[in-house]
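Coordinate analysis (summary)
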Amino acid sequence: MAGNEWINGYLEAILDAGAKRKEQNQSHLSASVKFKIMAMDRLRNYGTGSDNKEKEAAYSPAKYFVEEVVSRFDDSDLHKTWVKVVATRNSQERSNRLENLCWRIWHLARKKKQIEWDGTRRLLQRKVDQEQGSKEAAEDLSELSEGEKDVKADGSTLYSSRINSDTRVIVSDEEYEKAQKEEEHLYVVLISLHGLIRGDNMELGRDSDTGGQVKYVVELARALAATKGVYRVDLLTRQVSCPDVHWTYGEPVEMLSSPPDDDDDDAASSSCGAYIIRLPCGPRDQYIPKESLWPHIPEFVDRALAHITNVAKSLGEQFSSNPSNPVTTPVWPYAIHGHYADAAEVAAHLASILSVPMVMTGHSLGRNKLEQLLKQGRLTKDDINSTYRIMRRIEGEETGIDVAEMVVTSTKQEIEEQWGLYDGFDLMLERKLRVRKKRGVSCLGRHMPRMVVIPPGMDFSYVNTQDLEKDGDLQMLINSDSSQSKRDLPHIWSEVMRFFTNPHKPMILALSRPDPKKNVMTLLKAYGESRHLQELANLTLILGNRDDIEEMAGSSATVLTNVLKLIDKYDLYGKVAYPKHHKQSDVPQIYRLAAKTKGVFINPALVEPFGLTLIEAAAYGLPVVATKNGGPVDILKALNNGLLVDPHDQVAISEALLRLLADKSLWLECRRSGLRHIHRFSWPHHCHLFLAHLSSILLHSAAPSLSLSSPRVPQSEPLSESLRDLSLHFSTDSPDALATESSIDLHRLRRMESSSTPSFSHGHRQRIFVITIDCYSDGRAIEIPRLKEIIDKVTLLDRSNGRIGYVLSTGSTIPETLEAIKSCNIDPIRFDALICSSGAEMCYPWRDTSADMDYGTHLGFRWPGEHVRETVMKVAKLDGADGDLVFDETASSAYCFAYVVKAESNVRKVDGIKQRLRMRGFRCNVIYTHACRRLNIIPLFASRSHALRFLSIQWGIDLSKVVLFTGEKGDTDYEKLLPGLHKTVILRGFVDIGSEKLLREEDSYKLEDVVSTEAPNIITLDKDCSTSDITSAI
């Protein structure tokens, strides 16, 4: 019953807090109404998570006590308390309120318990699926299992060590030079989509999207541009032009670093600098949070694709050995590096279209956040998804893993405990695949990205180590009575020192947000309960900025309130500094002050993913005490400049601080070690590691390099000639080469001569019309009358003498598509290209009707082929659904495995199949077509959307000149066809049956997270619209 007494106390506190709060804010209301408004709203908000949306609300003791009751007590105890209150109630208003409040909290606790149970059940099921996928993959790869036991990390070779082995965070200049000796004129693209990014005066902390990642990507871009062998670095981000933000965020281009000024031609050509490239994306006049950016990603991809293509061509012309030659090879990016989930998805699409390596850095991960929020039990999964778009974010991260060659992490803990949560990454399977690649053994169609630990770099140019040895200015501050002398010193020094009775003591410095996870209370208790520590040192707490604690968000206000209470409890006045304000530029001076007092820096966080403040402190010569949970383990192993502690152990914290402060020789040894090894966390070292890792990985898994040759063609030359001369080829040799140019020319000429319908008019195509109507009859065959109607309607728009080209995009095979076109009494050569098998095949009917082998080579990279064929049969069917999925030999091709779906209720949806394929290391696209009667498994790089972008590069046609005609529903890839730079015309009434029912589970993300409902370039028209209606719309 002791627990029930605590409950009663908390409930009484809630009533008291509510009464006091409402007396202040709503004195005109009756006592009964006051209680109902406060207590009921608080409980309702707690269950729905609306408090999270009201971060500016005042600190509420009622909310604090509600959380304490729900999190600390079982619902059975709450029920007992309610029964007792009911039994002892009387006519007093307070007793009635207490009964009502207890009942509400009891039901809230039961709801929390149910949420926790549902979350646990989902995690267990997912774990079972992961283990099954990993087991099957391990069985397939078991032939090298014995050999792998002999493979061990080689300390002399950076890239042969395993992920969980001791990580080397240093590479010699000789190793780097060797890895980069053949690489020069590298073009690197970085992408960071959200937040406000500029080179100078960064507004860090302005909002939740403009934080450490902004500083990271800007400094990385500058550092890469200064690295030998790198010619140009582009940092792509969103352009923001609205009154709410500074005008600089609307500038299309900003130079981050300029080319070197040197009279030597070689030096001058070594780099052209780093640039921020801002691309319009989404609403032009709004600065929107990252959660709202997802529907606008396709537009950003299209604009980025155009920019990269133009730069690649320009660099190709610049570095051409024969400037007079009109045919040049573009310099495609050496890597496209996406930062965070949104930019990772952008990078994945760009890398797939351009066949260039992709790198990603997560910064923070969605699955980890989802797990933490579910454990708290305050929000349901639906609430979390609607607030944070968490499922859309997770899919963006999974897409990044699918395509990435390398994933940059900060610590081993991030790899094992965070990336290990994802379907697309399995630590044991990654090890097996890595060994097989090094030995030149087939990976059986499986792929795992390489996880590498490369700590974030820092700019140490502003650190004056000679200044660290002097303490004259500190003596000036403490001893001088001259106000002029004090004005010459940093203002923040005076702000801190004014708290101390004896400022001569060493300083214990803690710097963090006022967040419960930062564990400042445990530090303060350790200091308050240690008389020796108080006698030896002062304590400085830099906990953000504050004006009025009561106006701060709940968790921050709670932390700061508790800090003040503990200072009062232990009577630490004159020993603890807690300044209200500091600027970002003051932080280096705070480190300097602590170092000059021969102090210690401490990070006691419960879990610290990385620990950037530890590196900053080491740069100023401060020994450190840090949590043993997370990234600090790796940092202290590299720097050897401090001690690790259990953040829950107050005694261990005080003993570690005393040991460093009291032992001057140990303090000096840690100081010197940190300064000696701090270069391992510098930006130059980070860039050397980045390029060396990437170069090594690409030696074992290089995608075919895209080589686009596009000679200028006279305006009078027909498009057929320009397309014939335009070659898009790859460096990978293929035994199935296309016929010679002369035979293709002859074949095309004969077909055109035998046709009564001219296929091309003179002059280049100025626009491309793409027809993607997925209309199928009840028998799931292409509905010929509707197909003919839409083709006739669209082709009537060509009043420009052949300047409009036509493309038909479908989920059917090439033979099926050709037969359907002929059934419409239309010559196939009317179309410039056919995109078939959901984007796995492409042909040019004016040339021949065979699949384009160059396009096939592009798709073939990372295609598992026959290895995935039988696996699909296992994972696509629901349990006990034998015979409902049959392999379709006639509808399959080299890059498409087709399956007949006999009962759509007995097969998994697209997201379920992709999840299970990812768990087994297979990277494929999964598409249901023919109104759920056919399942197409195609390469990762294949899709109808990507095929359209591929053609836009090949033909040199801007995507804004493309118009896509589609129905109001279609195959499961339908939603990915709609957004982008092109115009989309949705014609209602042409498609009766779609495949969208087999796309996603109910708890996944929604259509509005993929396509913006307010996109200005998506137009909807009725089936019976006239030609003039379509013309005016486009």
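About the cut-offs
- Residues numbered from 1 in each chain as written.
- Predicted model: local features only at pLDDT ≥ 70, side-chain atom pairs only at ≥ 80, totals over all residues.
- Heavy atoms only, no water.
- Helix = DSSP H or I, 4+ residues; strand = E, 2+ residues; numbered from the N terminus.
- Buried < 20%, exposed > 50% of the residue type's maximum accessible area, 1.4 Å probe, protein only.
- Contact = heavy atoms within 4.5 Å.
- Areas by Shrake-Rupley, 256 points an atom, 1.4 Å probe, with all protein chains shown as cover.
- Pairing = 2+ DSSP bridges.
- Axes fitted to C-alpha atoms, helices over the stretch in contact; angles between N-to-C directions.
- Patch = residues over 30% accessible without salt bridge, like charges linked within 9 Å, V, L, I, M, F, W, Y side chains within 5 Å.
- Salt bridge = Lys/Arg side-chain N within 4 Å of Asp/Glu carboxyl O.
- Lys, Arg positive; Asp, Glu negative; His and termini not counted.
- Charge placed at Lys NZ, Arg CZ, Asp CG, Glu CD.
- Parallel < 35°, antiparallel > 145°, perpendicular 65-115°, else oblique.
- Nonpolar A, V, L, I, M, F, W, Y, C, P; charged D, E, K, R; others polar.
- Left-handed = near helix turned anticlockwise from the far one by under 90°.
- Core = buried A, V, L, I, M, F, W, Y, C linked by side-chain atoms within 4.5 Å.
- Polar contact = N/O pair within 3.5 Å; in protein donor to acceptor, adjacent residues only side chain to side chain.
- Arc of directions from axis to C-beta.
- Phe/Tyr/Trp six-rings, centres within 6.5 Å; stacked < 30°, edge-to-face > 60°.

Across its full length, the chain carries 39 helices and 27 strands. Looking at the 1034 residues of the chain, the share that counts as buried comes to 59%. Counting contacts in the chain only where the partners sit at least 6 residues apart, residues at least 24 apart contribute 73% of the total. Carbon and sulfur atoms form 49% of the exposed surface of the chain, whose accessible area is close to 43500 Å².

Our focus in this paragraph is the sheet that holds strand E23 (residues 924-929). Pairing is antiparallel in the open sheet, where four strands are placed in the order E21-E22-E24-E23. With partners counted over all chains shown, the strands left at the sheet margins are strand E21 (885-893) and E23, one partner each. Each adjacent strand pair in this sheet contributes to an overall mean axis angle of 25 degrees, direction not counted. Sheet topology note: the E23/strand E24 (residues 934-939) ladder contains six bridges and is antiparallel. Note on E24: the bridge partner recorded for Cys924 is Pro939.

Our focus in this paragraph is a negative patch on the surface. A grouping of Asp547, Asp548, Glu550 and Glu551 is seen on the molecular surface, where their side chains present a negatively charged patch. With respect to the helices, strands and loops of the structure, Glu550 is situated in the loop between strand E10 (538-542) and helix H23 (554-569).

What follows deals with the packing of helix H8 (residues 212-225) against helix H29 (residues 683-700). Put simply, H8 and H29 touch, their axes get as near as 9 Å, and they point 75 degrees apart. Taken together, the axes of H8 and H29 are roughly perpendicular relative to one another. Contacts from Tyr216, Glu219, Leu220, Ala223 and Leu224 of H8 reach H29 at Trp683, His686, Cys687, Phe690 and Leu691. Residue composition of the contact of H8 with H29, by class: eight nonpolar, one polar and one charged.

Moving on, we come to the pairing of E23. Among the six residues that make up E23, six are buried, leaving the element largely enclosed by the rest of the structure. Adjacent in sequence and paired antiparallel, E23 and E24 are bridged by four residues, among which His930 carries a positive phi angle near 55 degrees.

This next bit is on the environment of Pro864. Checked against the element boundaries, Pro864 lands in the loop between helix H34 (853-860) and helix H35 (866-875). By relative accessible area, which is 3% here, Pro864 ends up buried. Remark: the alpha-carbon pair of Pro864 and Pro939, spanning 75 residues in sequence, is separated by 7.8 Å.

Quick look at the side chain of Thr409 now. Within the secondary structure, Thr409 sits in strand E7 (residues 406-409). Relative accessible area serves as the criterion here: at 1%, Thr409 is assigned to the buried category. The contact partners of Thr409, leaving out residues within four places of it in the chain, are Glu414, Ile415, Trp419, Met451, Val452, Val453, Ile454 and Pro455.

Contact geometry for helix H10 (residues 297-318) and helix H11 (residues 340-354): axes closest at 10 Å, N-to-C directions at 50 degrees. What the angle tells us is that H10 and H11 run oblique. Between H10 and H11 the crossing geometry is right-handed. On H11, the residues that touch Ile297, Phe300, Val301, Ala304, Leu305 and Ile308 of H10 are Asp342, Glu345, Val346, His349, Leu350, Ile353 and Leu354. A breakdown of the residues in the contact of H10 with H11 according to their chemical character gives ten nonpolar, one polar and two charged.

Another point: the sheet that holds strand E27 (residues 1018-1021). Where strands meet in a sheet, backbone hydrogen bonds hold them as pairs that are either parallel or antiparallel. Read across the sheet, seven strands follow the order E20-E19-E18-E17-E25-E26-E27 without closing on themselves; strand pairing throughout is mixed. Each edge of the open sheet carries a strand with a single partner, namely strand E20 (841-843) and E27. Each neighbouring strand pair of the sheet contributes to a mean axis angle of 20 degrees, computed without reference to strand direction. As judged from the three bridges shared by strand E18 (residues 804-809) and strand E19 (residues 833-836), these two strands associate in the parallel manner. Within E19, the residue paired with Leu808 across the bridge is Leu834. In this fold helix H37 (residues 944-955) packs onto strand E17 (767-771), E18, E19, E20 and strand E25 (962-966), with an angle of close to 155 degrees to the strand it touches most, E19.

Here we take up the nonpolar core. Ile191, Leu236, Phe300, Ile336, Leu350, Met358 and Trp419 are the most contacted members of the largest nonpolar core, which has 104 residues in total. Element by element, the count of residues in this core is highest for H11, at eleven residues. The residues touching Leu236, leaving out its near neighbours within four places in the chain, are Val189, Leu190, Ile191, Ser192, Ile277, Leu279, Phe300, Ala304, His307 and Ile308. With 76 residues, the next largest nonpolar core counts Val496, Val559, Leu593 and Ile602 among its residues.

Let us look at the environment of Glu535. Relative to the helices and strands, Glu535 resides in helix H22 (residues 531-536). Placed 30 residues apart in sequence, Glu535 and Lys505 show a C-alpha to C-alpha distance of 8.6 Å.

What follows concerns the side chain of Thr237. If you trace the backbone, Thr237 turns up in strand E2 (residues 230-238). Here Ser192 takes part through its backbone oxygen, which lies 2.8 Å from a polar atom of the side chain of Thr237. The residues contacting Thr237, other than those within four sequence positions of it, are Ser192, Leu193, Ile197, Ile276, Ile277, Arg278, Leu279 and Phe300.

Overall, the coordinates contain 40 salt bridges when judged by the stated rule. Salt-bridge contacts for Asp302 lead to Arg949; the nearest nitrogen and oxygen are separated by 2.9 Å. Linking Asp302 in helix H10 with Arg949 in helix H37, this pair joins segments that are 647 residues apart in sequence. This pair shows no difference in class: Asp302 is buried, exactly as Arg949 is. Bridged by salt links that share partners, the residues Glu395, Asp402, Lys914, Arg918 and Arg923 form one connected network.

Looking at where Arg367 falls in the secondary structure, it is placed in helix H12 (residues 366-376). Accessibility expressed as a relative area gives 15% for Arg367, which makes it buried. In sequence terms Arg367 and Ile394 are 27 residues apart; their C-alpha atoms lie 6.3 Å from each other. Not counting the four nearest positions on each side in its chain, Arg367 is found in contact with Arg126, Ile394, Glu397, Glu398, Leu421, Tyr422 and Asp423.

Moving on, we come to unusual backbone geometry. The phi dihedral of Asn640 falls on the positive side, at around 50 degrees, and the residue is not glycine. Inspection of the secondary structure assignment puts Asn640 in the loop between helix H26 (632-639) and strand E14 (642-645). Although it is not a glycine, Arg862 adopts a positive phi angle of roughly 70 degrees. Checked against the element boundaries, Arg862 lands in the loop between H34 and H35. By relative accessible area, Arg862 is classed as buried at 13%.

The next point concerns helix H33 (residues 814-823). If you check which residues of H33 are buried, you get Ile814, Thr817, Leu818, Ala820 and Ile821. Taken end-on, H33 shows its buried residues confined to a sector of 160 degrees, consistent with a single buried face. Among the exposed residues of H33, those pointing more than 90 degrees away from its buried face are Pro815, Glu819 and Lys822. On its buried face, H33 sits against helix H32 (784-795), E18, E19 and E20.

Attention now goes to the packing of aromatic side chains. Under the criterion given, the structure shown has 14 aromatic pairs. Measuring from ring centre to ring centre gives 5.0 Å for Tyr855 and Phe950, while their planes differ by 70 degrees; the resulting arrangement is edge-to-face. Placement of Tyr855 in helix H34 and of Phe950 in helix H37 is noted, with a sequence separation of 95 residues between them. Like Tyr855, the residue Phe950 is buried in the burial classification. Ring geometry for Trp863 versus Phe897: centroids 5.3 Å apart, planes at 45 degrees, classification tilted. Linking Trp863 in the loop between H34 and H35 with Phe897 in strand E22 (residues 896-901), this pair joins segments that are 34 residues apart in sequence. Taking the relative accessible area as the measure of exposure, Phe897 reaches 4% and is therefore buried. Site record: aromatic cluster; members linked through ring pairs are Trp863, Phe887, Phe897 and Tyr899.

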